[in-house]
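Listed below are the residues making up each chain.
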Amino acid sequence: MRRRTGSGCGLAFTGRLASAVVRCTGLAARAGPGSAGLAIPGLGGSGASLPWTIVVLLTLLTILPALLLSMTPFVRLLVVFHFLRQALGTQNTPTNQTLIGLALFLTYFVMEPVGAQVYQAAIVPLESQKISAMQAVERGSVPVRHFMLKFARQKDLALFVDLAKGPRPHRAEDLPMRIVIPAYILSELKAGFQIGTVLFLPFLVIDLVVASVTTSVGMLQLPPVVISTPLKILLFVMVDGWNLVIGSLMKSFY
């Protein structure tokens, strides 16, 4: 038997993918010439069809990273981890993938109660066809807006209210998401830089002390970072640094 080459495997996979797309799009055609398409639960109306469902799902998958960055604590966590790695002077250790994965699961830990509220308020009634998709979006945005307003600074909210040139609402809960989301991002960036600066200062002191000692004893040929980096890592391990950093970050959200 001849072994299948890489190009043959690629053609076979492409063929199977094309067949699957044809079968999916063919469902709309088999719905009948007089029908408007396959009905989508929660959307109502006769204009909703399977191809539009695929478009909506693909669009949601496309903007999912932006939603993760703009409406969750992911930005603050990642900024703090970046500052911590730079302060330790360990270059690419931990790796970017490790830090992103840790920030992702910590984000899930913080946002899980909010997700549960969104599920109960929007997804359950939508699955029961008690509300429409637009009503589900409105209901689901309430817990997320409440979470973001909890950490958004008044100064940042006022900035985007002025830029929007709209009427000032009587309550913060009446602000639209186009104002709440960018204000929340600015607040999270400021909080991340503040925490990162506090983490950076002790390690900066170690760098200054080591540089002063090596210069005073005449060790000019030896870079101070060769001595300070092991000392900083040793100090970080001795005080159980990861436990302290993660614990402090999580407590800042509660």
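Trainee: Quick question: what am I supposed to make of the overall build of the protein chain here?
Mentor: Of the regular secondary structure elements, the protein chain holds 9 helices and 0 strands. Ordered by position from the N terminus, the helices and strands of the protein chain form the series α-α-α-α-α-α-α-α-α. Residue burial in the protein chain is summarised as follows: out of 254 residues, 28% are buried. Pairs at least 24 residues apart make up 65% of the contacts formed inside the protein chain by residues separated by at least 6 positions. Accessible surface, the protein chain as shown: approximately 16600 Å² in total, 69% of it carbon and sulfur.

Trainee: Would you mind going over unusual backbone geometry with me for this structure?
Mentor: Backbone geometry follows two general trends: most residues other than glycine have a negative phi, and most peptide bonds adopt the trans configuration. Between Thr93 and the following residue, Pro94, the backbone shows a cis peptide bond with an omega angle of -5 degrees. Considering the arrangement of structural elements, one finds Pro94 in the loop between helix H3 (74–88) and helix H4 (96–127). Here Asp240, not a glycine, exhibits a phi torsion of approximately 55 degrees, which is positive. Position of Asp240 among the secondary structure elements: in the loop between helix H8 (224–238) and helix H9 (241–251).

Trainee: Looking at this model, I keep getting lost on H9. Mind explaining?
Mentor: In an α-helix, one full turn covers 3.6 residues, which means residues spaced three or four apart are oriented alike. Three or more residues of H9 are buried, namely Gly241, Val245, Ile246, Leu249 and Met250. The buried residues of H9 occupy one face: seen down the axis, they fall within an arc of 150 degrees. Of the exposed residues in H9, those oriented more than 90 degrees away from the buried face are Asn243 and Lys251.

Trainee: Just to check I follow, could you spell out a nonpolar patch on the surface for this structure?
Mentor: Side chains of Ile54, Leu58, Leu60, Leu61, Ile63, Leu64 and Leu67 sit close together on the surface and give an oily, nonpolar patch of about 610 Å² of accessible area. Structurally, the position occupied by Leu64 is in helix H2 (residues 50–70). Exposure remark for Leu64: the relative accessible area of 49% places this residue in the partly exposed category.

Trainee: In this structure, what is going on with the packing of H3 against H8? I would like to understand it.
Mentor: The relative placement of two packed helices is expressed as an angle between their axes plus a distance between the axes. It is at 9 Å that the axes of H3 and H8 come closest, and there the two elements cross at 130 degrees. Taken as axis vectors, H3 and H8 run oblique relative to one another. Residues Leu84, Ala87 and Leu88 of H3 pack against Thr229, Lys232 and Phe236 of H8. Taken together, the residues that form the contact of H3 with H8 break down as 4 nonpolar, 1 polar and 1 charged.

Trainee: Looking at this structure, how should I read the environment of Leu186?
Mentor: Within the secondary structure, Leu186 sits in helix H7 (residues 177–216). Excluding its chain neighbours within four sequence positions, the residues that come into contact with Leu186 are Asp156, Leu159 and Phe160.

Trainee: Any chance you could explain the confidence of the model for the protein chain here in plain terms?
Mentor: Mean pLDDT for the protein chain: 77, with 78% of residues reaching 70 or above. Here helix H1 (residues 6–29) stands out as the least confident element of the protein chain, with mean pLDDT 41; H3 is the most confident, with 91. Within the model, the stretch residues 1–49 combines pLDDT values under 50 with 32 contacts to residues more than four positions away or in other chains.

Trainee: Explain the nonpolar core here, please?
Mentor: As a rule of thumb, soluble globular proteins bury nonpolar side chains together. Leu77, Phe81, Phe147, Met148, Val245 and Met250 are the most contacted members of the largest nonpolar core, which totals 36 residues. Listing elements by their share of this core, those giving two or more residues are H3, H4, helix H5 (133–151), helix H6 (154–164), H7 and H9. Once residues within four sequence positions are removed from consideration, Met148 is found in contact with Ser70, Met71, Met177, Val180, Ile181 and Tyr184.

About the criteria used
Note that residues are indexed from 1 along each chain, following the sequence as it is written. Local features are withheld for residues below a pLDDT of 70 in this predicted model, meaning they are given only at 70 or higher, and side-chain atom pairs are given and counted only at 80 or more; totals for whole chains, interfaces and linings count all residues. The side-chain quantities take in all heavy atoms of the structure and omit both hydrogens and water. By the criteria applied, helices consist of DSSP H or I runs no shorter than four residues and strands consist of E runs no shorter than two, each listed in order from the N terminus. Using a 1.4 Å probe on the protein chains alone, a residue whose accessible area is under 20% of its type maximum counts as buried, one over 50% counts as exposed, and one in between counts as partly exposed. Two residues form a contact once any of their heavy atoms are found within 4.5 Å. Only the protein chains shown count as cover for residues, and all accessible areas are computed by the Shrake-Rupley method using a 1.4 Å probe. Each direction from the helix axis to a C-beta atom contributes to the arc, which is the arc of those directions. Candidate patch residues must exceed 30% relative accessible area and have no salt bridge, after which like charges are joined if within 9 Å and Val, Leu, Ile, Met, Phe, Trp or Tyr side chains if within 5 Å. Between Lys or Arg on one side and Asp or Glu on the other, a salt bridge is scored when a side-chain nitrogen of the former is within 4 Å of a carboxyl oxygen of the latter. Working convention: axes come from line fits to C-alpha atoms, limited for helices to the stretch in contact. Angles between N-to-C directions cover 0 to 180 degrees. Working definition: roughly parallel below 35 degrees, roughly antiparallel above 145 degrees, roughly perpendicular at 65 to 115 degrees, and oblique for all remaining angles. Residue type decides the class: Asp, Glu, Lys and Arg count as charged, Ala, Val, Leu, Ile, Met, Phe, Trp, Tyr, Cys and Pro as nonpolar, and the leftover types, Gly among them, as polar. Per residue, pLDDT measures the predictor's confidence, with a range of 0 to 100. Only buried residues count toward a nonpolar core, which is a set of Ala, Val, Leu, Ile, Met, Phe, Trp, Tyr and Cys residues joined through side-chain atoms within 4.5 Å.

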